[in-house]
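Reading the structure
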Amino acid sequence: MRIAVIGAGPAGLYLAILMKKADSHHEVVVVERNAPDATYGWGVVFSEETLGALRDADDASYADIEVSFTKWGSIDIVLDGRTVRSRGHVFAAIARKRLLALLQRRASDLGVELRFLEELDDLSALEAYDLLVGADGANSTVRGRFADAFEPRLQEYESRYVWFGTDLVFDAFTFVFRPTEHGMFQAHAYPFDASLSTVIVECNEATWRRAGLDGADEDATLAFCEELFRPELRDHRLLSNRSNWGAFVQVSNRVWHHGNVVLLGDAAHTAHFTIGSGTKLAMEDAVALAAALGRTGELETALTEYELERQPVVERFQVAARLSADYFEHAIRYAGFHPVQFAFNLLTRSGRITHGNLALRDAAVVQRLDAWFAEASPDCAESALRLAPPPLFAPLELGGITLLNRIVLVPGGRDDAEAGMPGEDDRTRFDHAARAGAGLVLTEPVAVSADGRITPGCLGLYRDEHVEAWRSIVEAVHRTPGARIGVQLGHAGRRGATRPRTSGVDLPLTVGGWPLVSASQIPYTSSARRPAEITVEEMARVRGDFAAAARRAVEAGFDLLELNLAHGYLPASFLSRLTNARADDYGGTFENRLRFPLELIESVRETWSRERPFAAKFTAADLLSGGVTEAEAVEIASALAEHGCALLEPVAGQTTASARPRFGPGFLTPLADLVRSSSGIPVVVGGYLTTVDQANTILGAGRADLCVLTLAL
Amino acid sequence: MRLGIGLPTTTPAASGELVLEWARRAETRPFSSLGVLDRLVYDSYDPLVALAAAAGVTSRVRLATMVVVGPLRNHAVLAKQAASLDALSGSRLTLGLAVGARVEDYVAAGIESRGRGRRFDEQLAYLRTYRDTTAIGPHAPGPELLVGGLSDEAFTRVARYADGYVHGGGPPRAFARAAASVRAAWSDLGRRGEPALWGQAYFALGRSDAGAAYLRDYYAFTGPFAEKVAAANLTSPAAIRDLVRGYEEEGCDELVLLPTVSDLEQLDRLADAIG
C-alpha cells in the first residue's frame, strides 16, 4: 500500500510508524511544511489509558517516550491563594518537541520517508497514493480541499487564551483562579520535563477587553500574565513562543473520510484544551486507523470502521470539553464558594468525574467535601477528620423547617381523581415516596380551582372537603420520621381541559371541557381550544383562589408550598413575550409581565404560614427566540427572592408546545447552577436525575441544594 | 425483552409469495412481531398493505411499522387504515410513525416537505382524538402508537402524543442515549407510567456481501452514512447475541431484527441464533 501522510504532528507520525511496522512493504511518506524541529506549544498531556494504548500499539516508541515522561498524580486548585489538592489522578506529560523527535526517529528507523519544509498547495501531486491522510492540524489544508465531502463545522469559543512556558516546575496539574477588578483570570499549569512547565492563561472575552488585552502585543501580554500570577510563579519567568491571545476553535466534521482521503487528529476534530485531550485523541485516532487498515484490505471498509469507532468517542470528549470550557468561562460565579466546594465543582465540571468516582481516586478530598457540606463548617482543614454522609443525605434548613436529606420525590398520580379529591391511591403513593427516603415529598401541580385543572382527573385544593383528604396524606407522610411534604399549587390556564395523561399530554377534551383563560388568546397547540384573555377581574378571582388554596394547605398541614409559575400554565403565560401579548399593565415590559406572578405570590403569602417555606417553580428558559432569556431568568429569580421565596425551581421549555429542551439526564442542571449562583437562594433541580451519584455530584459542586430524583417507586 | 423479525418488504427481489411465507413461518418461530419499513420511491411494498397481508396468514405475532412516514399520508386516511388493520388483525398493530428523512418521497407524493414537522404534530394529535371528533370508524381503541427519530422534537412528540419510542438502529450505547432522552422528556411532560421502547438492527447470516450491498443501496440517500449502516450489519450469531444482550441491558422492550437478504433461510438462521 502507498500511503501519503500530510502533517508530521504526533498523529501523522504515529500512523506512519504503525503502518510501516505492520507491513514493511507499505510505502509511507510524511510531508510536512515546517522544519523537523519547529514546534509551537510546550508540553502535551496523556492520561493513564492512553499510555496503555500507546504501549500496546508500539512498544519500541513507547519505551522511548516513557523515559521522557514527567508523571504526577495531583491536581492543585488555587483560589485566592488557598490551595486544595486532589490526589489519585494519573497524568504524564512530555515536551511536544521531544515527542516529535522520538517519533521522527522511530519513523525513520522503520523506513518511513519524512519530507520536511514541503509546502503542498496542490494535493494532486499525491494522487498516485492509495491512501491520503490529512493529519495537518486544526487548519487542515486537506480538509479544506474536500470540504464539500467532510462538511467541517468550526465553532469559535468566546474565551481568550495564551500559551506560555515557564522554568518553574509545578508538582501538580495546577489551576490558579485570580479574581480581578476586570473579572476572573485562570492559569492552567503543568510540568512536562525536568526544567519546564506549560502555563495557559485564560479569561472570558469581556474580562479580556476590560483588562485592555485586546490591544496587547506579545511582550505586553507576557508582562501582564507574569505580574498577575507572580505568587504562583514564585518569581519565575514566563517564556514566550509566539505567545499571543487566541480564541479556541472547535473543529468537527460530519464525515471523516472521502474516497481514499481520511482525516486524523486535529484535522478531524478538536476538543477545548481545558480537558487536555488533543494529542491523546490524535494518537488514539492513529492507533484505530492502523488497526482498521490491518483488519481488512478493503480500504472503504477500513476507513468506515475507523470512523465508526472514533467518531462517537470524540463526540463524547467534545461534549465534555464544551462543558469544561463553559465552566471556565463562568468561573467568576463560583468565586465566593468555599475552596473545597470550589475544587469539587472544578473537578466535576465536564461530567467525567463524579462524586462516586472521585471518591475512588481520592477518598480524602471527598471526605473533606462531605464533612464541609454536612456541617457547612468553615474549617475543613485536611487534618481535621470528620466522617459525614455524602451530600444527598445531608440535612437542609429551609425557611423554618429541616429537611432530613436533599432528596425530593414527586410521585406521579393516575389522573383519575373525582372533582379534585385525593383518594386512597394518592395517599399510598405519597406515603411510599416518604418511605422510599425522600426528605421532601412534593405533589405535582394541584389545582386552585376546578377550571385550573390540567385534566378532569387532577387533584385540587379548591374545596374545603379537599382539606381532610390532604390532611390524611400529610399525616401518612409524617409517620415516616422526619419526612416532609410540600404542595405545588397551580392553575393550568390554556393547558387546561385536556385528557388524562395516560395516552398523551395537551390532548384537548372533546366532552366535559371548560373555558380556558391565559394571558393572551393564543392556543397552546394547533388542536387546542383558544383561551380567552383573562380580565383583571378574573385575575383577582384567581388570586383569591390561590390564597384560599394556600389557607387550605396550611389547614391540611403541608410543610412547604410551591407556587407553579412554569410550563406555560396560567401564571407562566404572563412571564414570556411568546405567550403574553397584553396591552395593559400586565403585558409588554419585563416589569409588567412579572406583575401578575408577583401579585400571586403576595396573595399566597397572606394566607400561607410565615413559619413554613414558600417556594416557586418558574420557567428560566423558553428555549425559543423571543422567549425568556438567561438574563431575564436571573432577574426573575432575584424578584422571586425579594418576594420571600425560600426555594427556587428553575425549569425549561413547555412555555409553548414547540420549545425543545435538550432532553437527557441532568438537562436542567445548568439552569439551576445559573439561578443558584446569581440569586444566592437555595435551588431544587430535576431534569431526569436517576442516580444517587448524579445528585451527590450536583449538590457537592454547589449547582443545586435539592434534587428531584426520578425513580420507579 | 421480546424479539421480533422484519418482513422482507424492502429487500431486493422479495416476491409476494416470499413475504407471506416469511410471515407464516415467523408465526411458528420464537418471534414476537413482524416489523416493516416505509419507502415510497423504492422497490418495496407499502408497509400497511404488507402488514394487512401478513395479518391474513398469522394470528399471534404483533404487526409493527418501524416506521411509517406519517406526514406523507392524509391524517384521516391513515387513521382509518391503521384502525382497520388493528381491528382486522385482532388488535395486533403497533403503529410506529416518524417524519421521514427523504425529500424525494414527499415530492413523489405531491406533498410539501416544508412544515412536515408541524403537520406531524397535528397528525399525532389527530390520531389521538379523531375518534371523539369525527365519525371515522372502526370504533375500537386503535393501535399502540410509537414515534421514531433522534431529535429533541422527536423525544417531545413521544412524550406528548405516543405510547413509546422506536429507535432507528445502532449500537446499544446509541439506543441507551436515545432512551434516556425519551425517558427525560416523558417525565418532564408529566406522563404517567413508562414509555415502550423498541429497537431495531439489520442482519444477514452467512450472506454478508448481499446484505451490505442492499444496505448501501437502501441508505444511499444518506451519503457516506450508508457505509456505516452496512458496516453495522450483524453477520454472525455471536454478533446478534451480543447486540440482543446489549439492548436488553439498556431496557429495550422489543428488538426487531430486520433482514437484508430476501431468503427464507435467513429467518431460520436467525431463529436458531437466538434460540
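The structure reproduced in this document is the subject of the present report. (Residues numbered from 1 in each chain as written. Chains lettered and ligands numbered in written order. Predicted model: local features only at pLDDT ≥ 70, side-chain atom pairs only at ≥ 80, totals over all residues. Heavy atoms only, no water.)

1. Observations concerning the overall build of chain B
We count it as follows: The numbering of helices and of strands both runs from the N terminus, where a helix is a DSSP run of H or I of at least 4 residues and a strand a run of E of at least 2. Burial classes: relative accessible area under 20% of the type maximum marks a residue as buried, over 50% as exposed, and values in between as partly exposed (1.4 Å probe, protein chains only). Here, two residues are considered to be in contact whenever any of their heavy atoms come within 4.5 Å of each other. All accessible areas in this document rest on Shrake-Rupley with a 1.4 Å probe, and a residue is counted as covered only by the protein chains that are shown.
A tally of helices and strands in chain B yields 11 helices and 8 strands. Expressed as lengths along the three principal axes of its C-alpha atoms, the size of chain B is roughly 50 × 40 × 35 Å. With 275 residues in all, chain B has 57% of them scored as buried. The contacts in chain B between residues at least 6 apart in sequence include a share of 75% that link residues at least 24 apart. Summing over all exposed atoms, chain B offers an accessible surface of approximately 10200 Å²; the carbon and sulfur share of this is 53%.

2. Focus on helix H17 (residues 536-556) of chain A
Residues and elements named next belong to chain A. Spelled out, the test is: One less than the number of residues in a helix, times 1.5 Å, gives the span that helix is expected to have.
Between the first and last C-alpha of H17 there are 30 Å, a value that for 21 residues agrees with the 30 Å anticipated at 1.5 Å per step. Listing the buried residues of H17 in full gives Met539, Val542, Asp545, Phe546, Ala547, Ala548, Ala549, Ala550, Arg552, Ala553 and Ala556. Structurally, H17 contributes buried residues whose contacts are with helix H16 (464-478), strand E22 (484-490), strand E25 (560-565), helix H18 (570-575) and helix H19 (590-607). Where H17 terminates, the next one or two residues include Gly557, which has phi positive at roughly 95 degrees.

3. Overview of the sheet that holds strand E17 (residues 261-263) of chain A
All names here are of chain A. Quick note on the threshold: Strand pairing is assigned whenever DSSP identifies at least 2 bridges connecting the two strands.
One open sheet accounts for 6 strands, arranged E8-E2-E1-E9-E17-E16; its pairing is mixed. Of all the strands in the sheet, just strand E8 (113-115) and strand E16 (257-258) have a single pairing partner and so form its edges. Sheet topology places strand E1 (residues 2-6) next to strand E2 (residues 27-31); 5 bridges connect them, and they run parallel. Following the sheet pairing, Ala4 is matched in E2 by Val29.

4. Concerning the pairing of strand E3 (residues 62-69) of chain B
Two faces, one strand: in a regular strand the side chains alternate between the faces of the sheet. Residues and elements named next belong to chain B. Selection rule: A clockwise path from the first strand over the helix to the second, with the strands pointing away from the viewer, defines a right-handed crossover.
Of all 8 residues making up E3, 7 are buried, and the element is well covered by its neighbours. For strand E2 (residues 33-36) and E3, the ladder comprises 4 bridges, and the chain directions are parallel. Following the sheet pairing, Ser33 is matched in E3 by Arg62. Crossover E2 to E3 through helix H2 (residues 47-56) is right-handed. Note: E3 against strand E4 (residues 93-98), 5 bridges, orientation parallel. Bridge assignment links Thr65 to a residue of E4, and that residue is Leu95. Taking the sense of rotation as the criterion, the β-α-β connection linking E3, helix H3 (residues 75-88) and E4 turns out right-handed.

5. Quick word on the pairing of strand E6 (residues 82-86) of chain A
Residue and element names in this part refer to chain A. Direction of pairing for strand E5 (residues 75-79) relative to E6: antiparallel, over a ladder of 5 bridges. Bridge pairing in E6 places Ile77 opposite Val84. Counting the residues in the hairpin turn of E5 and E6 gives 2 residues, including Asp80, whose phi is positive at 50 degrees.

6. Some details on the sheet that holds strand E6 (residues 164-166) of chain B
Residues and elements named next belong to chain B. Going by this rule: A fitted line through C-alpha atoms serves as each axis, taken over the contacting stretch for helices, and the angle formed by two N-to-C directions is quoted from 0 to 180°.
As summarised here, the arrangement of the 8 strands in space is E1-E2-E3-E4-E5-E6-E7-E8, forming a closed barrel in which the pairing is parallel. Neighbour-to-neighbour, the strand axes of this sheet turn through a mean angle of 25 degrees, independent of strand direction. Where strand E7 (residues 196-203) and strand E8 (residues 254-259) come together, 6 bridges link them in parallel fashion. The partner of Gly199 across the bridge, within E8, is Leu255.

7. So, helix H11 (residues 299-329) of chain A
Because an α-helix packs 3.6 residues into every turn, residues spaced three or four apart end up facing the same way. For the record, the criterion: Consider a residue and the seven residues that end there alongside the seven that start there; fitting an axis to each set, the bend is the angle between those axes.
Spanning 31 residues, H11 of chain A covers 43 Å between terminal C-alpha atoms, matching the ideal 45 Å at 1.5 Å per step. Along H11 of chain A, the sharpest kink reaches roughly 25 degrees, centred on Arg310 of chain A and followed within four residues by the proline Pro312 of chain A.

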